Amino acid sequence: MTIEVAVTAPDEVTPAGKRSFAVWLAIAWVAVVVLAAVCAPILPLRPVDEIVDGLDPRLAPFSSWTEPLGTDSIGRSTLSRLVFGARQSMLVGTVAITAALVCGLVIGVCAGYVRRAVDRVTGVVVDAVLAIPPLVLLLAIAAVGRRGAGTIALGLAVVCTPSIARLARAQTLQLAARPHVTASRSLGATGLRIVVRDLLPEVALRIAPYAFLLMAYVIISEASLNFLGLGVPPPTPSWGGMINDGRPYLADEPWLVFVPSLTILLTVVSFTVLGDRFRSWLDEREGSR
Amino acid sequence: MSLLEVRGLSVRFRAAHAVRGVDLDVGAGECLALVGESGSGKSVTARALLGLLPPTAEIAGRAVFDGIDLQITSGRRSPVVGSRLTTVFQDPMRALNPVLRIGDQITEVLRLHAGMSRAAARVRAEELLAAVGMADPGRRLRAYPHELSGGMRQRVCIAIAIACRPALVLADEPTTALDVTVQRQILDLVDELRRASGMAMVLITHDLAVVAGRADRVAVMRAGEIVESGPTRDVFTAPRHPYTAALLDAVPRIDGPRAAAVVEGSAVEGVR
Amino acid sequence: MTEPALRIEHLTVRYPLGGRRFAHAVTDVSLTVAPGEIVGLVGESGCGKSSVARSVMALRRPDAGRVLIGGVDVTALRGAALRRARRDFQMVFQDPRSSLNPHRTVRQILTEGLAIQRVPRPWDDQVDDVLRAVGLDPATYADRRPRQLSGGQCQRVAIARAVLLRPRLLVCDEPVSALDTTVSAQVLDLLRDVRDRYGVAILFIAHDLAVVRGLCDRVAVMYLGRICETGAVDEVLARPRHPYTRALLDAVPRLDGAVPAGEALRGDPASNVDPPSGCRFHPRCAYASPRCAAEEPVLAGEDEAVACHHPLAPVKAG
């Protein structure tokens, strides 16, 4: 057995125990959100557009047993709206990211392996889309399309694809230079075989951590669109929409804004932590090889 | 008394025991070769003496250089390292700072360790480049590492190593990354410098043939231990340990009988 | 007369550097490898041997010249015809570990070639046989992944993969440079064994003359993109004709510590972007004359050939 000595400074800035506590919290929160999103229709929640009788509107959290998170600006259950908003966000996010990953991977890997004309053409298109500020592009798509979740998902997919494509291309360039890819070529493999069997799986694995980070980005973007009123039309609940509804009451009943904001914050941070940890794990795996 | 005396050097990295109980002696002006294959622990030994191991390494043992305790167990670099005990590494491209000119990298050492003024250091730097056989040293001072060939870069690293007239130079695979004709130039240069200044050397390499002509004594390492040591000629003509014999048998010969005896795979695997 | 396993004819490879500048990696190189012969191609860094390897393996189309493997001009083939022809020539790489797909088992790595070249099943026996031929027990190793193998074992798998398709020619690009001495000796023995067992010709690219001496039948020495000298290995090493070959030999350290008679070669090789006029070696040659700077020497000779105006020993005529 060869003992490989990496004579570099240790890369653990935080002690291992402290780091994994944050990761466990992140996993727990994401699990809660995803479960809530998936199970929303069967959970014992009040319907999202029903005004709760017996309770004041804009009720603070923890002041009622039946509505632990209080009520919103016109008296609807905050908890219900938060859960169904989660469903909304997770759905849009997952669809958008999956589409971006698939398109970005295919474009990036093909450009990175085939090079020449394919690379030049896709490069121009990708750079052009990247040059447009993402929020502006989202606003444009949202303004043109039919208001709803589908448009948001499409817009987000368009915004995220170029970054994935560039990442995939960079990884492909690096991987394609490796001797085992040349070996496949020498055996007589077609380009398609090499791309599908040798490159795509490895590149997909390396890009995977960015899916988590992109999810965080997508949630914020989606919330922003809804906050600006360009997302799903009411009465469909959304986190961004809830913040917008609570905005006039910020001075006297700040919880209307804080509760959805805190939810967004926790979700975004959790995805970021998970993505980061995934990336570290991949780096370690790469280093030990 | 030896110039460098190492007793019971031991290095552990979490589970792996990289170096176990190594004893070394290097006399003044002597060249000791430390040979072994990958994983034998020879580079880790060198880095332990230089204080270049990561903080996760557990170091035990004692090393005394010219009467000074190197305090290797602390893991920190001793103050004599860099001036009286210097080193040449394998890859000159990585040992040199790519964004600084050669001249600046040499004068840095002179100003830091020998306390020279900037002007005096520049003069000395030019002398050093001439001493290591660089043509047109004055102009080369202003060159960047990437503008030089591999052999020239290694000459610069040697110049940096001998700048403060060290008593001992530790060379860790100094010619492994170089072409064979350049390797000969560099090794000849090092021999010449040693004759002129009387400095001692620890030459770490996997290439037994390089050791044969250049080292006075040799220590053979395997799996963290020294399995055999002694004067080079004795060890090479009459090795006592089976691993040394196997290693010598496996070296491809440019002279003598052509096909080496076919070494049974399993036999050598077992010895490893 | 049987067709040579490999015939390189006037191969020229150059890499564009922008503007009208080129890196002339290989210039007018011709070389023949007979069936079952092991020919060494030796040179230091920048001599072009890797570019020769890539052109022979049809991984890069040459700028001039052609490569014939078993009589077939692979430089003229394209697409599916080229892919089918690849069965006849395979390669072993310098870094054994990275030449194997890290996510696959040994068996999967070996059957990949069989699948691509549509070799009829069953495959298991063929895989087991070739693993045994390279000294690896199939029961132990077939289901391992590269990270569970040592460097030497990885190289054995790489050789097995190459040989499994029964190629006419094996191109080995510095296959033992990254291995320890003891392991490298075993791999060299294995290559000789493979040649004896399968009759495959080997083009063995190396920088180490001592290694070439132990394995090769003939050797060709390259400098700055051209061949300086070719001949039987014992002949060339005992009586080098080209001054560069002599310098290369003198530079190889000897295990008995003997000091070579000749002076060390001075300076560094010139760049191949702007090679010296006439004979490329003349700026560093101790025997250079005005003719050397003016006129490019031509490779002359039959079995022993040298490209030099003042060879150190005469070339046998005919």
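Cut-offs and rules
Residues numbered from 1 in each chain as written. Chains lettered and ligands numbered in written order. Predicted model: local features only at pLDDT ≥ 70, side-chain atom pairs only at ≥ 80, totals over all residues. Heavy atoms only, no water. Helix = DSSP H or I, 4+ residues; strand = E, 2+ residues; numbered from the N terminus. Rg over C-alpha atoms; globule rule 2.2 N^0.38 Å. Buried < 20%, exposed > 50% of the residue type's maximum accessible area, 1.4 Å probe, protein only. Contact = heavy atoms within 4.5 Å. Lys, Arg positive; Asp, Glu negative; His and termini not counted. Charge placed at Lys NZ, Arg CZ, Asp CG, Glu CD. Buried area = accessible area lost by both parts, 1.4 Å probe. Salt bridge = Lys/Arg side-chain N within 4 Å of Asp/Glu carboxyl O. Polar contact = N/O pair within 3.5 Å; in protein donor to acceptor, adjacent residues only side chain to side chain. Pairing = 2+ DSSP bridges. Expected span 1.5 Å × (residues − 1). Bend = angle between axes of the 7 residues up to and from the residue. Axes fitted to C-alpha atoms, helices over the stretch in contact; angles between N-to-C directions. Core = buried A, V, L, I, M, F, W, Y, C linked by side-chain atoms within 4.5 Å. Patch = residues over 30% accessible without salt bridge, like charges linked within 9 Å, V, L, I, M, F, W, Y side chains within 5 Å. Areas by Shrake-Rupley, 256 points an atom, 1.4 Å probe, with all protein chains shown as cover. Parallel < 35°, antiparallel > 145°, perpendicular 65-115°, else oblique. Left-handed = near helix turned anticlockwise from the far one by under 90°. pLDDT = per-residue confidence, 0-100. Phe/Tyr/Trp six-rings, centres within 6.5 Å; stacked < 30°, edge-to-face > 60°. Nonpolar A, V, L, I, M, F, W, Y, C, P; charged D, E, K, R; others polar.

**Concerning the overall build of chain C**
1) Next: Helix and strand content of chain C: 11 helices and 11 strands.
2) Next: A compact globule built from 318 residues would reach a C-alpha radius of gyration of about 20 Å, and chain C, at 20 Å, matches this within 12%.
3) Next: Scored against the burial criterion, the 318 residues of chain C give a buried share of 58%.
4) Next: Residue pairs at least 24 apart in sequence account for 65% of intrachain contacts in chain C once pairs closer than 6 positions are excluded.
5) Next: The centroid of the 42 positive side-chain charges in chain C is displaced by 6 Å from the centroid of its 37 negative side-chain charges.

**Digging into the interface of chain A and chain C**
1) Next: The interface is formed by 17 residues belonging to chain A together with 23 residues belonging to chain C.
2) Next: Summing both partners gives a buried area of about 1,900 Å² for chain A against chain C, and 56% of it is carried by carbon and sulfur.
3) Next: Scanning the region where chain A abuts chain C turns up 3 salt bridges.
4) Next: A salt bridge links Glu112(C) to Arg197(A); the nearest nitrogen and oxygen atoms lie 3.9 Å apart.
5) Next: Put simply, chain A and chain C have 10 residue pairs in polar contact (both at pLDDT 80 or more) between them.
6) Next: Taken together, the elements giving at least two residues each to the side of chain A that touches chain C come down to helix 6 (179-187) and helix 7 (191-227) of chain A.
7) Next: Here the side of chain A that touches chain C gets 8 residues from one element, more than from any other, and that element is helix 6 of chain A.

**Details of the sheet that holds strand 2 (residues 16-26) of chain B**
1) Next: Strand order in this open sheet of 4 strands is 2-1-4-5 (chain B), and the pairing throughout is antiparallel. Single-partner strands in this sheet number two, and they are strand 2 and strand 5 (68-69) of chain B.

**Re unusual backbone geometry**
1) Next: A cis amide bond links Arg121(C) to the next residue, Pro122(C), at an omega of 10°.
2) Next: Mapped onto the secondary structure, Pro122(C) falls in the loop between helix 3 (106-116) and helix 4 (124-133).
3) Next: If you check the backbone angles, Arg115(A) has positive phi at about 60° while not being a glycine.
4) Next: Structurally, Arg115(A) is set in the loop between helix 2 (78-114) and helix 3 (116-131).
5) Next: The backbone phi angle of Arg118(C) is positive, close to 50°, even though this residue is not glycine.
6) Next: Within the secondary structure layout, Arg118(C) lies in the loop between helix 3 and helix 4.

**Some details on helix 5 (residues 149-176) of chain A**
1) Next: Taking 1.5 Å of rise per residue, 28 residues should cover 40 Å, and helix 5 of chain A covers 38 Å from first to last C-alpha, within 8% of that figure.
2) Next: At Cys160(A), helix 5 of chain A shows its maximal kink, close to 30°; a proline, Pro162(A), follows between one and four residues later.

**A word on the sheet that holds strand 11 (residues 305-306) of chain C**
Within a sheet, each strand pairs with its neighbour through backbone hydrogen bonds, oriented either parallel or antiparallel.
Residues and elements named next belong to chain C.
1) Next: Ordered in space as 6-7-8-3-9-10-11, the 7 strands form an open sheet in which the pairing is mixed. Strands with a single pairing partner mark the edges of an open sheet, and in this sheet they are strand 6 (89-92) and strand 11.
2) Next: With 4 bridges connecting them, strand 3 (residues 38-42) and strand 9 (residues 218-223) associate as parallel partners. Within strand 9, the position partnered with Leu-41 by the bridge is Ala-220.
3) Next: Across the face of the sheet, helix 10 (residues 243-251) comes into contact with strand 3, strand 9 and strand 10 (226-232) while running at roughly 100° to strand 9.

**Some thoughts on the nonpolar core**
1) Next: Core analysis: the largest hydrophobic core is formed by 120 residues, its most contacted members being Ile159(C), Leu170(C) and Phe204(C).
2) Next: Among the elements that take part in this core, helix 7 of chain A stands out by supplying 13 residues, more than any other.
3) Next: Apart from the residues lying within four places of it in its own chain, the contact partners of Leu170(C) are Gln90(C), Val92(C), Ala162(C), Val163(C), Leu191(C), Val200(C), Ala201(C), Ile202(C) and Leu203(C).
4) Next: With 55 residues, the next largest nonpolar core counts Val88(B), Val156(B), Val220(B) and Leu255(C) among its residues.

**Focus: a nonpolar patch on the surface**
All names here are of chain A.
1) Next: Together, Leu-262, Leu-265, Leu-266 and Val-269 make up a nonpolar patch on the protein surface, roughly 340 Å² of accessible area in all.
2) Next: One can find Val-269 in helix 9 (residues 255-287).
3) Next: Since its relative accessible area comes to 42%, Val-269 is described here as partly exposed.

**Brief notes about the packing of helix 6 (residues 151-164) of chain C against helix 7 (residues 181-198) of chain C**
All names here are of chain C.
1) Next: Where helix 6 meets helix 7, the axes come as close as 10 Å, and the angle between the chain directions of the two elements is 15°. When the axis of helix 6 is compared with that of helix 7, the two are roughly parallel. Between helix 6 and helix 7 lies a crossing whose hand is right-handed. Between helix 6 and helix 7, the residues in contact are Gly-152, Gln-155, Arg-156, Ile-159 and Val-163 and Val-183, Gln-186, Val-187, Leu-190, Leu-191, Val-194 and Tyr-198, respectively.

**Points about the confidence of the model for chain B**
1) Next: Per-residue pLDDT for chain B averages 88, and the proportion of residues at 70 or more is 94%.
2) Next: Note that residues 260-272 of chain B has pLDDT below 50 and, in this model, 16 contacts with residues that lie over four places away or in other chains.

**Some points on the pairing of strand 1 (residues 4-13) of chain B**
Residue and element names in this part refer to chain B.
1) Next: Where strand 1 and strand 2 come together, 7 bridges link them in antiparallel fashion. Within strand 2, the residue paired with Val-6 across the bridge is Leu-24.
2) Next: Linkage of strand 1 to strand 2, two consecutive antiparallel strands, is achieved through a turn of 2 residues, within which Arg-14 is found at a positive phi near 45°.

**A word on the packing of aromatic side chains**
All names here are of chain A.
1) Next: Going through the model one piece at a time under the given rule, you end up with 6 aromatic pairs over all chains.
2) Next: Relative to Phe-271, the ring of Phe-212 lies with its centre 6.4 Å away and its plane at 40°, an arrangement referred to as tilted. One end of the pair, Phe-212, is in helix 7; the other, Phe-271, is in helix 9, with 59 residues separating them in the sequence.
3) Next: Owing to a relative accessible area of 7%, Phe-271 belongs among the buried residues under this scheme.
4) Next: Seen from their ring centres, Phe-278 and Trp-281 are 6.1 Å apart, and the 45° between their planes marks the pair as tilted. Taken together, the residues Phe-278 and Trp-281, both in helix 9 and 3 residues apart, mark about one turn of the helix.

**Structural notes on the interface of chain C and chain B**
1) Next: Counting residues at the interface gives 39 residues for chain C, matched by 38 residues for chain B.
2) Next: Carbon and sulfur atoms make up 54% of the area that chain C and chain B hide from each other, which totals about 3,300 Å².
3) Next: Counting across the interface, chain C meets chain B through 0 salt bridges.
4) Next: A breakdown of the residues in the side of chain C that touches chain B according to their chemical character gives 19 nonpolar, 8 polar and 12 charged.

**Focus: the pattern of salt bridges**
1) Next: Taken as a whole, this structure holds 44 salt bridges over all chains when the rule is applied.
2) Next: Of the charged contacts in the structure, one is a salt bridge between Glu112(C) and Arg193(A), with a shortest N-O distance of 3.3 Å. Taken together, the residues Glu112(C) in helix 3 and Arg193(A) in helix 7 connect one chain to another.
3) Next: Its relative accessible area of 7% is what places Glu112(C) among the buried residues.
4) Next: The shortest N-O distance in the salt bridge between Arg60(C) and Asp63(C) comes to 3.7 Å.
5) Next: You can call Arg60(C) partly exposed: its relative accessible area is 24%.
6) Next: When salt bridges that share partners are traced, they join Arg193(A), Arg197(A), Asp198(A), Arg104(C) and Glu112(C) into one network.

**Quick word on the environment of Val235(B)**
1) Next: Checked against the element boundaries, Val235(B) lands in helix 9 (residues 232-237).
2) Next: On a C-alpha basis, the gap between Val235(B) and Pro79(B) in space is 35 Å, while along the polypeptide they are 156 residues apart.

**Considerations on the environment of Leu165(C)**
1) Next: Inspection of the secondary structure assignment puts Leu165(C) in the loop between helix 6 and strand 7 (169-173).
2) Next: It is 11 Å that separates the C-alpha atoms of Leu165(C) and Val200(C), two residues lying 35 residues apart in sequence.
3) Next: Sequence-distant contacts of Leu165(C), that is, excluding residues within four places in its chain, are made with Leu187(A), Arg87(C), Gln90(C), Gly113(C), Leu114(C), Gln117(C) and Val119(C).

**With respect to the side chain of Gln117(C)**
1) Next: As for its placement among the helices and strands, Gln117(C) is situated in the loop between helix 3 and helix 4.
2) Next: Residue contacts for Gln117(C): discarding those within four places in its chain leaves Leu187(A), Gly188(A), Arg83(C), Arg84(C), Arg86(C), Arg87(C) and Leu165(C).

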